[in-house]
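Here's the letter readout for the chains.
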Amino acid sequence: MTDDTWGLLRKRLLKTVGQNNFTTWIEPLELDQVDGGVATFHVPTNFMGNYVSQNFADLILHEFNKSGEAVQRLAFKVAANSPTRPVQPTMSEAIEEPAPLQTTVVDQLGNQEGNTSVKSPPEDLQAAPLDPRFTFDSFVVGKPNELAHAAARRVAEGGPVTFNPLVLYGGVGLGKTHLMHAIAWELKERNPELNVLYLSAEQFMYRFVQALRERKMMDFKHLFRSVDVLMVDDVQFIAGKDSTQEEFFHTFNALVDQNKQIIISADRAPGEIKDLEDRVKSRLQCGLVVDLHPTDYELRLGILQTKVQQNRKNYPDLKIADGVLELLAHRISTNVRVLEGALTRLFAFASLVGREIDMDLTQDCLADVLRASERKITVEEIQRKVSEYYNIRMSDIIGPKRLRSYARPRQVAMYLCKQLTSRSLPEIGRRFGGRDHTTVMHGVRRIEELKTIDGQIAEDVEMLRRSLEA
Ligand SMILES: Nc1ncnc2c1ncn2[C@@H]1O[C@H](COP(=O)(O)OP(=O)(O)OP(=O)(O)O)[C@@H](O)[C@H]1O
């Protein structure tokens, strides 16, 4: 990396951030070195390092990478005579630090966070950029996440704040962080001047505690109250942490009063977060609260197909046999992260051994994942759910009657058994009153056809699948 390259990057940054921001925040940065994927800068003050890392880090990283310099992180050192000062923990440092210290902090209000496990500040502090992979383009939309996606899109358009806050909630690995980053990217693209601050609730707490320790509460308040958009991920983390909740509450109110957009994510509905103060809960419920439902088969398949396309550039010779993605979509229903991990492993394995990804290779390579996610849903459970849903007796589903009002639910049940259990067609037939496997196959095919032409059947199947997978 030469000084000239940094000079060029600065010119490009000037265009993106505008003259005022450039003069205040970018011009004073002195590039010290680029080493091991980390670009280190000298900054005049700790506050400035913090501000730049929060507001411009992803832009700077983006420019580095565009110029061919592989930089994953930024680090800031306070220049001149002052010793190296902490600026900000990376997301990974904050999360991965091995042994959290038990620290007691007493704030001005006398509240203690001592029962909290507070991590000690890392020595070398860096910026956590937005993940460039988490954009709207790479987010696959299906029934379970369409509302959350639509709400995220609306907020990402910017303009007057219509619902505040936007709360996205749902189980692990269903795309909350992805959607938040996508909003941030889009907002920044539409208006590069916008101050968008994204951080986890854990980082919020850590920064708050650090500000208390270093007696820099004014800087803290200034930083958080001067943003245009605040995004706090995994807000359930602050439950039970009294002083942090208090500060979060005040930050929240100050921003809402200024009509600044707030976006929050949580692993469950705000009302169900234990040890979250009622006043915080009620603030979170004031805006739009949308959930990301567990994925369904179609969404999982769509995500897998998209990821395969995205990976084509890394593995141009990639060949995947028919049925492999369907198998993964059926069998790995826990969360998208596990699904992605399975695919990544499969690609790496296939390219190492130079083989096509077929069923055998998949079973070998992912034996552990497939075993762990073996379906627990039983044929009986499906028969019971289907009979309840159509309001008929279970014996009518299993029995010989050929009336349409029994035959169709029976076919739906057979279809679900094929999709959601690992039973073979003859086994399924046996459990449906000793029917032949060809009858089961016919039933499964019939439902597959009907799903595409009969909206009611498609909905029935979907509802049943959801309730079985819940
Ligand atoms: N609909 C989707 N389309 C494409 N990728 C998705 C989708 N949903 C989730 N993912 C991917 O799955 C992974 C996990 O998603 P993400 O980190 O956003 O989950 P999360 O809901 O924030 O989970 P956690 O509760 O653990 O923080 C990411 O790599 C993300 O890109």
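The structure presented is a predicted model; accordingly, all values stated were derived computationally and were not measured.

Side note on unusual backbone geometry
Point 1. Look at the link from Asn164 to Pro165: it is a cis peptide, with omega at 0°.
Point 2. Mapping Pro165 onto the fold places it in the loop between helix H6 (146–156) and strand S4 (166–170).
Point 3. A positive phi angle, near 65°, is found at Asp275, a position not held by glycine.
Point 4. When you line up the elements, Asp275 lands in the loop between strand S7 (261–266) and helix H11 (278–284).
Point 5. The backbone phi angle of Asn391 is positive, close to 60°, even though this residue is not glycine.

Some words on the packing of aromatic side chains
Point 1. Within this structure, the stated rule accounts for eleven aromatic pairs.
Point 2. Relative to Phe220, the ring of Phe208 has its centre 5.8 Å away and its plane inclined at 55°; by these criteria the two rings are tilted. Of the two residues, Phe208 sits in helix H8 (residues 201–213) while Phe220 sits in helix H9 (residues 217–225), which places them twelve residues apart along the sequence.
Point 3. On the basis of relative accessibility, which here comes to 2%, the residue Phe208 falls in the buried class.
Point 4. By relative accessible area, Phe220 is classed as buried at 5%.
Point 5. Seen in terms of ring centroids, Tyr389 and Tyr390 are 5.1 Å apart; in terms of plane orientation they differ by 85°. Their pairing is edge-to-face.
Point 6. Judged by its relative accessible area of 21%, Tyr390 falls in the partly exposed class.

Describing the UniProt feature "binding site: ATP" in the protein chain
Point 1. Residues annotated in UniProt with the feature "binding site: ATP" correspond here to Gly173, Gly175, Lys176 and Thr177.
Point 2. Following the sequence through the fold, Gly173 ends up in the loop between S4 and helix H7 (176–190).
Point 3. Not counting the four nearest positions on each side in its chain, Gly173 is found in contact with Asn335, Val336 and Arg337.
Point 4. By the secondary structure assignment, Lys176 is in helix H7.
Point 5. When neighbours within four sequence positions are excluded, Lys176 is seen to be in contact with Leu168, Tyr169, Gly170, Gly171, Asp234, Ser265, Ala266 and Leu292.
Point 6. Polar side-chain contacts of Lys176 include one of 2.8 Å to the backbone oxygen of Gly171.

Let's talk about a nonpolar patch on the surface
Point 1. On the surface, Phe349, Leu352 and Val353 cluster together to form a nonpolar patch covering roughly 290 Å² of accessible area.
Point 2. Residue placement: Val353 occurs in helix H14 (residues 336–353).
Point 3. Residue classification places Val353 among the partly exposed positions, given a relative accessible area of 41%.

Things to note about the site of the ligand
Point 1. Contacts to the ligand come from 19 residues, most closely from Val140, Gly173, Thr177, His178 and Glu340.
Point 2. Between Gly173 and the ligand, the recorded distance is 2.8 Å, taken from a backbone N or O atom to an oxygen atom.
Point 3. Contact with the protein chains covers 92% of the free accessible surface of the ligand, which is 630 Å².
Point 4. Listing elements by their share of the shell around the ligand, those giving two or more residues are H7, helix H12 (297–311) and H14.
Point 5. Class assignment of the residues belonging to the shell around the ligand gives a composition of seven nonpolar, seven polar and five charged.
Point 6. For the shell around the ligand, the domains that each give at least three residues are domain 2 (136–291) and domain 3 (299–373).

Description of the nonpolar core
The nonpolar side chains of a soluble globular protein tend to be buried, and buried together.
Point 1. By size, the foremost hydrophobic cluster in this structure holds 54 residues, and its most contacted members are Ile60, Leu74 and Phe248.
Point 2. Among the elements that take part in this core, H8 stands out by supplying seven residues, more than any other.
Point 3. Residues from two domains meet in this core; each of domain 1 (3–78) and domain 2 (136–291) gives at least three.
Point 4. The contacts of Ile60, once residues within four sequence positions are left out, are Leu13, Ile26, Leu29, Phe41, Val52 and Leu74.
Point 5. Counting residues in hydrophobic clusters, the runner-up holds 26 residues, among them Leu174, Ala184, Val196 and Ile263.

Here is what the cut-offs are and how they apply
- Residues numbered from 1 in each chain as written.
- Predicted model: local features only at pLDDT ≥ 70, side-chain atom pairs only at ≥ 80, totals over all residues.
- Heavy atoms only, no water.
- Helix = DSSP H or I, 4+ residues; strand = E, 2+ residues; numbered from the N terminus.
- Phe/Tyr/Trp six-rings, centres within 6.5 Å; stacked < 30°, edge-to-face > 60°.
- Buried < 20%, exposed > 50% of the residue type's maximum accessible area, 1.4 Å probe, protein only.
- UniProt positions renumbered as here; feature names shortened; annotations may be inferred.
- Contact = heavy atoms within 4.5 Å.
- Polar contact = N/O pair within 3.5 Å; in protein donor to acceptor, adjacent residues only side chain to side chain.
- Patch = residues over 30% accessible without salt bridge, like charges linked within 9 Å, V, L, I, M, F, W, Y side chains within 5 Å.
- Areas by Shrake-Rupley, 256 points an atom, 1.4 Å probe, with all protein chains shown as cover.
- Salt bridge = Lys/Arg side-chain N within 4 Å of Asp/Glu carboxyl O.
- Near = heavy atom within 4 Å.
- Nonpolar A, V, L, I, M, F, W, Y, C, P; charged D, E, K, R; others polar.
- Domains from an automatic or database assignment.
- Core = buried A, V, L, I, M, F, W, Y, C linked by side-chain atoms within 4.5 Å.

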